[in-house]
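Here is what each chain is made of, one letter per residue.
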Amino acid sequence: MSDSRRRKLAQLLVNYSTAVQAGDWVGILGECGSLPILRDVYESVIDAGGHPSLLIGDDQMQRYFLRQASDEQMSWIDPGLKRYTEEADVYIRIGAPENTRAMSNISASRMQAWRAAQSEILRTRLERSARGEFRWVGALYPTQASAQEANMSLEEYEDFVYGACFCDADDPAAEWRKLSEMQQHKVDYLGGKSHIKLRGPHIDLELSIAGRSFVNSDGKRNMPSGEIFTGPVEDSVNGWVRFSYPAIVGGRAVSGIELKFVDGAVSDASAAMNEDLLQAQLNTDAGARYLGEFAIGTNFGIDRFTGMILYDEKIGGTVHMAIGMGYPETGSRNKSAVHWDMICDMREDSEIFVDGELFYRNGAFVV
């Protein structure tokens, strides 16, 4: 069924998020369930003068691979994907989960072994992106599985998704430019600052941002977006945090996560459910126990937890942190095969201080 909002989202990804130009090599990565919007994106890339490469994934094939592949097969890197990651101009990734629990029975160790083996691809993409050589954006196409995960009907979920992307507006790009301007004011304020302290019923944490940069995430990398983020000084994080929502990896939800940090590293970790997966993530490599990202969510069109991190990490009134790989453009030096986001609600009795000055209270900026 045709939906004008779907077409608007495709055009937004191509013309606003990645600004495809004539002659660009554009990878369009998706799943079988996202075929309707992949067609729209493909047409928009052609209209912009780009050269599209279509790369399709499938949960069933991926699940078979993770169960049956030998160690040698697990460590093999697809040379076509490697060349694309090293040389292409644009990466547009659209997920469309048909079963959000498809990987639930894959062992944590198998999942981590594969992620570690493929980390070269992620590292190349992030490093080229930080140098301005590789423009990328990730989005999700609404499916029955995602709607069910979010406790909505498909029609309600479509309204939520397209609303979060401003694709229910006459000019979605103009709405993103407004949000970008607001966030830029906060990024400018944070420039040159050094110390952040977070306090609330779920958190008592401090970290250094000395010499680090905040990034204005305004729909150019994630769609939807609505966050400002940085990479904390690696050995500066001290205190504890209890995350408000489940953190999901490989289709498995890890809930009730609590982390304690000493001099940057996670010194104590527990979870109410699937703690084995939490510990496997933390033990992947040396960098997995350090924070690669600290961020503040600003998208108040995303007003509920849906089980999809692309939306959930942007919830207005929350902060999130990722253990593992940091984004080089923030100044982060943390290297890891892991980048795993976890969300903490700051909307009640919570504050953030920057260099001793109140910056944020109960989910809203006060500066």
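Everything that follows concerns the structure shown earlier in this document.
Please read all numbers here as calculations on a predicted model, not as lab measurements.

K.L.:
Whenever I open this one, the pattern of salt bridges confuses me. Can you help?
P.N.:
If the charged atoms of two oppositely charged side chains come close together, the side chains can form a pair. The full count for this structure, using the stated rule, is 24 salt bridges. Of the charged contacts, one joins Glu133 and Arg128 as a salt bridge, the two residues approaching to 3.4 Å between their closest N and O atoms. For Arg128, a relative accessible area of 7% puts it in the buried group. Across the salt bridge formed by Glu133 and Arg131, the nearest N and O atoms sit 3.0 Å from each other. By relative accessible area, Glu133 is classed as partly exposed at 35%. Residue classification places Arg131 among the exposed positions, given a relative accessible area of 51%. What emerges from the salt-bridge pattern is a single network uniting Arg6, Arg7, Asp40, Glu43 and Asp47.

K.L.:
Got a minute to help me understand the nonpolar core in this structure?
P.N.:
Within soluble globular proteins, side chains that are nonpolar generally end up buried alongside one another. Counting 43 residues, the largest nonpolar core has Leu198, Ile257, Leu259, Leu278 and Trp340 as its most contacted members. Apart from the residues lying within four places of it in its own chain, the contact partners of Leu259 are Gly239, Trp240, Val241, Phe243, Val266, Asp268, Ala269, Leu278, Ile323 and Met342. By size, the runner-up hydrophobic cluster in this structure holds 28 residues, among which are Leu13, Tyr16, Val20 and Ile28.

K.L.:
Help me understand the packing of helix α3 (residues 59-68) against helix α6 (residues 108-117) in this model?
P.N.:
Each pair of packed helices can be described by the angle between their axes along with the distance between the axes. Interhelical geometry of α3 versus α6 gives an angle of 100° and a closest axis separation of 10 Å. In terms of orientation, α3 and α6 fall into the roughly perpendicular class. Counted together, Gln62, Phe65, Leu66, Arg67 and Gln68 of α3 and Arg110, Met111 and Trp114 of α6 form the full contact between these two elements. Tallied by class, the residues present in the contact of α3 with α6 amount to 4 nonpolar, 2 polar and 2 charged.

K.L.:
I would appreciate a short explanation of the pairing of strand β6 (residues 203-208) in the present structure.
P.N.:
Consecutive side chains of a regular strand alternate in pointing toward one face of the sheet and then the other. Two elements, strand β5 (residues 195-200) and β6, share 6 bridges in a ladder whose sense is antiparallel. Bridge assignment links Lys197 to a residue of β6, and that residue is Glu206. Counted along the chain from β5 to the antiparallel partner β6, the turn is 2 residues long. In terms of strand pairing, β6 meets strand β9 (residues 238-242) through 4 bridges, oriented antiparallel. Bridged to Leu205 within β9 is Gly239.

K.L.:
Sorry if this is basic, but what is going on with empty space enclosed by the protein here?
P.N.:
Any empty space left between the atoms is revealed when a probe the size of a water molecule rolls over them. For the structure shown, the criterion picks out 1 cavity of 30 Å³ or more. Put simply, the largest cavity is a space of about 30 Å³. Looking at the largest cavity, the residues that line it are Ile106, Ser107, Ala108, Met111, Val249, Gly250, Arg252 and Leu277. When grouped by side-chain class, the residues that make up the lining of the largest cavity number 5 nonpolar, 2 polar and 1 charged.

K.L.:
Help me out: how do you make sense of helix α9 (residues 154-164) in this one?
P.N.:
An α-helix turns once every 3.6 residues. As a result, residues three or four positions apart point the same way. With 8 of 11 residues buried, α9 is to be regarded as a mostly interior element. Within the span of α9, buried status applies to Leu154, Tyr157, Glu158, Phe160, Val161, Tyr162, Gly163 and Ala164. Structurally, α9 contributes buried residues whose contacts are with α1 (4-17), β4 (135-140), α8 (144-149), α10 (172-190) and α12 (309-312). After α9 finishes, the residue Phe166 shows a positive phi value of roughly 65°.

Criteria and thresholds
- Residues numbered from 1 in each chain as written.
- Predicted model: local features only at pLDDT ≥ 70, side-chain atom pairs only at ≥ 80, totals over all residues.
- Heavy atoms only, no water.
- Salt bridge = Lys/Arg side-chain N within 4 Å of Asp/Glu carboxyl O.
- Buried < 20%, exposed > 50% of the residue type's maximum accessible area, 1.4 Å probe, protein only.
- Core = buried A, V, L, I, M, F, W, Y, C linked by side-chain atoms within 4.5 Å.
- Contact = heavy atoms within 4.5 Å.
- Axes fitted to C-alpha atoms, helices over the stretch in contact; angles between N-to-C directions.
- Helix = DSSP H or I, 4+ residues; strand = E, 2+ residues; numbered from the N terminus.
- Parallel < 35°, antiparallel > 145°, perpendicular 65-115°, else oblique.
- Nonpolar A, V, L, I, M, F, W, Y, C, P; charged D, E, K, R; others polar.
- Pairing = 2+ DSSP bridges.
- 1 Å grid on protein atoms, 1.4 Å probe; cavity = no way out; pocket = protein on both sides within 12 Å on 5 of 7 lines; lining within 4 Å.
- Points joined across faces, edges and corners; volume = space filled by probe spheres on them.

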